[in-house]
Amino acid sequence: MASSARDTKRPAARREGASAEPARGARWGLVENQILTEATRLFAERGFAATTLKDIADATGLTRPALYHYFANKEALLARLVSDLTLAPAEELAKLGRLRGKSAVERLHAMAFDTALRHATQPERFRVLVRSDVELPPELAQSYRDGRRRILAEFKAVIEQGITSDELRPVDARTAALGIIGLCTWVAWWYRPTGAGDEREVATALADMAVASLSPSDGRSTTARGPARALELLKQDVALLEAALALQPQSPNSRD
């Protein structure tokens, strides 16, 4: 998994010190994003092990010393992908899951939308990270697993709150969370934009599906909670069944 000797030999100051970095600004962000984009493309085409920093520098039009200002080695590039694609989303999901004044359904919708939109707008990066999973150094692999576990935990917590408040059907919260995450992340494999803003429409549709999959199927409402709610809904079912039977025409054989 280690980079080539050529990639790893460089002045210590460039590996360690922020003093060697140029002042960060708008241009820094643009160049950094270009490097990540080209590195992602090369990782996808050649694999992580077969891609060198020289390949990435050539693709971005930078010299290799200039590239070192942004990323010390290939592992640093993967670390940035892990941070951007798992750790940062987990932080955002935590904020969305704790929005004040919002119902569990509204928070779940916002979380599903955010997840789908991230995957729809950066599909190549998500795909490369998934494919490079087995090549991650141990420490980075652990960080990646921790980020995914936290994302799962954030979804699970909001689903559990929705079940407790009777906004969502009583289901296994972990299974439901995994299903919604899968629904929203798989977009990175099949989505192809057809116009400006199209990814937001797709993300909204997937978030709608995620919420609908856990919503009470018949839309019935009751102010009761817990076991009392289940009993009230059962009474409604019995009343509905009696009304339906009363409307059924009697067959000749059923008459006295």
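Residues numbered from 1 in each chain as written. Predicted model: local features only at pLDDT ≥ 70, side-chain atom pairs only at ≥ 80, totals over all residues. Heavy atoms only, no water.

Trainee: Run through helix α10 (residues 173-185), naming residues and quoting values.
Mentor: An ideal rise of 1.5 Å per residue puts 18 Å on 13 residues; α10 measures up with 18 Å between its terminal C-alpha atoms. Of the positions making up α10, those classed as buried are Ala-173, Ala-176, Ala-177, Ile-180, Ile-181, Cys-184 and Thr-185. Along the axis of α10, the buried positions cluster into a sector of 155 degrees, meaning they face one direction only. Residues of α10 that are buried sit in contact with α7 (104-121), α9 (138-164), α11 (187-190) and α12 (198-212). (Helix = DSSP H or I, 4+ residues; strand = E, 2+ residues; numbered from the N terminus. Expected span 1.5 Å × (residues − 1). Buried < 20%, exposed > 50% of the residue type's maximum accessible area, 1.4 Å probe, protein only. Arc of directions from axis to C-beta. Contact = heavy atoms within 4.5 Å.)

Trainee: Residue-level account of the confidence of the model for the protein chain, with values.
Mentor: In the predicted model, the protein chain carries a mean pLDDT of 82, and the fraction of residues at 70 or more is 80%. Ignoring residues within four places in sequence, the model shows residues 1-22, a span with pLDDT below 50, making 37 contacts including any to other chains. (pLDDT = per-residue confidence, 0-100.)

Trainee: Outline the packing of α7 against α12, supporting the account with residue identities and numerical values.
Mentor: Relative to each other, α7 and α12 sit at 140 degrees, their axes nearing to 8 Å. Considering the angle they form, α7 stands oblique to α12. As α7 runs across α12, the sense of the crossing is right-handed. Contact residues: Val-105, Leu-108, His-109, Ala-112, Phe-113, Ala-116, Leu-117, Ala-120 and Thr-121 in α7; Glu-199, Arg-200, Ala-203, Thr-204, Leu-206, Ala-207, Asp-208, Ala-210 and Val-211 in α12. Residues that form the contact of α7 with α12 fall into these classes: twelve nonpolar, three polar and three charged. (Axes fitted to C-alpha atoms, helices over the stretch in contact; angles between N-to-C directions. Parallel < 35°, antiparallel > 145°, perpendicular 65-115°, else oblique. Left-handed = near helix turned anticlockwise from the far one by under 90°. Nonpolar A, V, L, I, M, F, W, Y, C, P; charged D, E, K, R; others polar.)

Trainee: I'd love a proper account of the nonpolar core, names of residues and values included.
Mentor: In this structure, Leu-108, Phe-155, Ile-159, Ile-180 and Leu-214 are the most contacted members of the largest nonpolar core, which totals 33 residues. Within the residue set of this core, elements represented by two or more residues are α6 (74-97), α7, α9, α10 and α12. Residue contributions to this core peak at eight residues, all from α7. The residues contacting Leu-214, other than those within four sequence positions of it, are Leu-108, Ile-159, Leu-168, Arg-169, Val-171, Ala-176 and Ile-180. Core analysis: the second largest hydrophobic core is formed by 28 residues, Phe-48, Val-82, Leu-129 and Tyr-144 among them. (Core = buried A, V, L, I, M, F, W, Y, C linked by side-chain atoms within 4.5 Å.)

Trainee: Quick one: what's the story with the layout of surface pockets, residue by residue and with numbers?
Mentor: Each pocket or cavity is described by its volume, and for the largest pocket that value is around 510 Å³. Considering the residues around the largest pocket, the lining is formed by 23 residues, among which His-119, Tyr-144, Arg-148, Ile-181 and Thr-185 are closest to the centre. When residues of the lining of the largest pocket are traced back to their parent elements, those giving at least two are α6, α7, α8 (123-131), α9 and α10. (1 Å grid on protein atoms, 1.4 Å probe; cavity = no way out; pocket = protein on both sides within 12 Å on 5 of 7 lines; lining within 4 Å. Points joined across faces, edges and corners; volume = space filled by probe spheres on them.)

Trainee: Can you explain the pattern of salt bridges? Please cite residues and give values.
Mentor: The final tally for this structure, using the stated rule, is 13 salt bridges. Residue Glu-91 is joined to Arg-150 by a salt bridge in which the shortest nitrogen-to-oxygen separation is 2.8 Å. A residue pair is termed long-range when its members are at least 10 positions apart, and Glu-91 in helix α6 and Arg-150 in helix α9 qualify at 59 residues. Arg-98 serves as the salt-bridge partner of Glu-154, at 2.9 Å between the closest nitrogen and oxygen. One end of the pair, Glu-154, is in helix α9; the other, Arg-98, is in the loop between α6 and α7, with 56 residues separating them in the sequence. The exposure class of Glu-154 is buried, given its relative accessible area of 8%. Its relative accessible area of 56% is what places Arg-98 among the exposed residues. (Salt bridge = Lys/Arg side-chain N within 4 Å of Asp/Glu carboxyl O.)

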